[in-house]
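# A look at the structure
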Amino acid sequence: MNLKLALIALVASAFLTACGPAPTPQQQAARQHEIACLSGTLGGALIGGAIGNQFGGGSGKTILTAAGAATGGVQGQRYAC
């Protein structure tokens, strides 16, 4: 439970930091691109982990969840970036 809260706090702080004003339009565009890449990666990992969690049992379920999260994260990044 504490790990989940720490992860949520870390992601929230990353989003809040990225939302501050940028000095130039180019830096703002780069920051928006970084946010899109991060969102795609995290969204893909969440969806992939949820799909992987539907299969297997015992330690196999854990392995499939991790593999789904990793694969989803990679594919989400490829799509968003």
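Below: a short report on this structure.

Cut-offs and rules
- Residues numbered from 1 in each chain as written.
- Predicted model: local features only at pLDDT ≥ 70, side-chain atom pairs only at ≥ 80, totals over all residues.
- Heavy atoms only, no water.
- Helix = DSSP H or I, 4+ residues; strand = E, 2+ residues; numbered from the N terminus.
- Buried < 20%, exposed > 50% of the residue type's maximum accessible area, 1.4 Å probe, protein only.
- Contact = heavy atoms within 4.5 Å.
- Areas by Shrake-Rupley, 256 points an atom, 1.4 Å probe, with all protein chains shown as cover.
- Expected span 1.5 Å × (residues − 1).
- Arc of directions from axis to C-beta.
- Patch = residues over 30% accessible without salt bridge, like charges linked within 9 Å, V, L, I, M, F, W, Y side chains within 5 Å.
- Salt bridge = Lys/Arg side-chain N within 4 Å of Asp/Glu carboxyl O.

### Examining the overall build of the protein
- Within the protein, the secondary structure is distributed over 3 helices and 0 strands.
- In the protein, the order of α-helices and β-strands from amino to carboxyl end is α-α-α.
- Scored against the burial criterion, the 81 residues of the protein give a buried share of 15%.
- Nonlocal contacts in the protein, meaning residues at least 24 apart in sequence, comprise 47% of its contacts between residues at least 6 apart.
- Carbon and sulfur atoms make up 70% of the accessible area of the protein, which totals about 5,900 Å².

### Details of helix α3 (residues 59-80)
- The end-to-end C-alpha distance of α3, which contains 22 residues, comes to 31 Å, matching closely the 32 Å that a straight helix rising 1.5 Å per residue would cover.
- Every buried residue of α3 is listed here: Gly 68, Gly 72, Gly 73 and Gly 76. Along α3, the residues classed as buried sweep out an arc of 135 degrees about the axis, all on the same side. Residues of α3 that are exposed and angled more than 90 degrees away from the buried face: Ser 59, Ile 63 and Arg 78.
- Looking at the packing, one finds that the buried side of α3 touches α2 (25-52).

### Here's the deal with a nonpolar patch on the surface
- On the surface, Ile 47, Ile 51, Phe 55 and Leu 64 cluster together to form a nonpolar patch covering roughly 400 Å² of accessible area.
- Tracing the sequence through the fold places Phe 55 in the loop between α2 and α3.

### So, the environment of Val 74
- Mapped onto the fold, Val 74 is located in helix α3.
- Assessed through its relative accessible area of 45%, Val 74 is described here as partly exposed.
- Expressed as a C-alpha distance, the spacing of Val 74 and Ala 45, which sit 29 residues apart in the sequence, is 7.7 Å.

### Focus: the environment of Ala 70
- Along the polypeptide, Ala 70 turns up in helix α3.
- Between the C-alpha atom of Ala 70 and that of Leu 42, which follows or precedes it by 28 residues, the distance is 10.0 Å.

### Here's the deal with α2
- When the terminal C-alpha atoms of α2 are compared, their 40 Å separation across 28 residues agrees well with the 40 Å that a helix rising 1.5 Å per residue should span.
- Those residues of α2 hidden inside the fold are in contact with α3.

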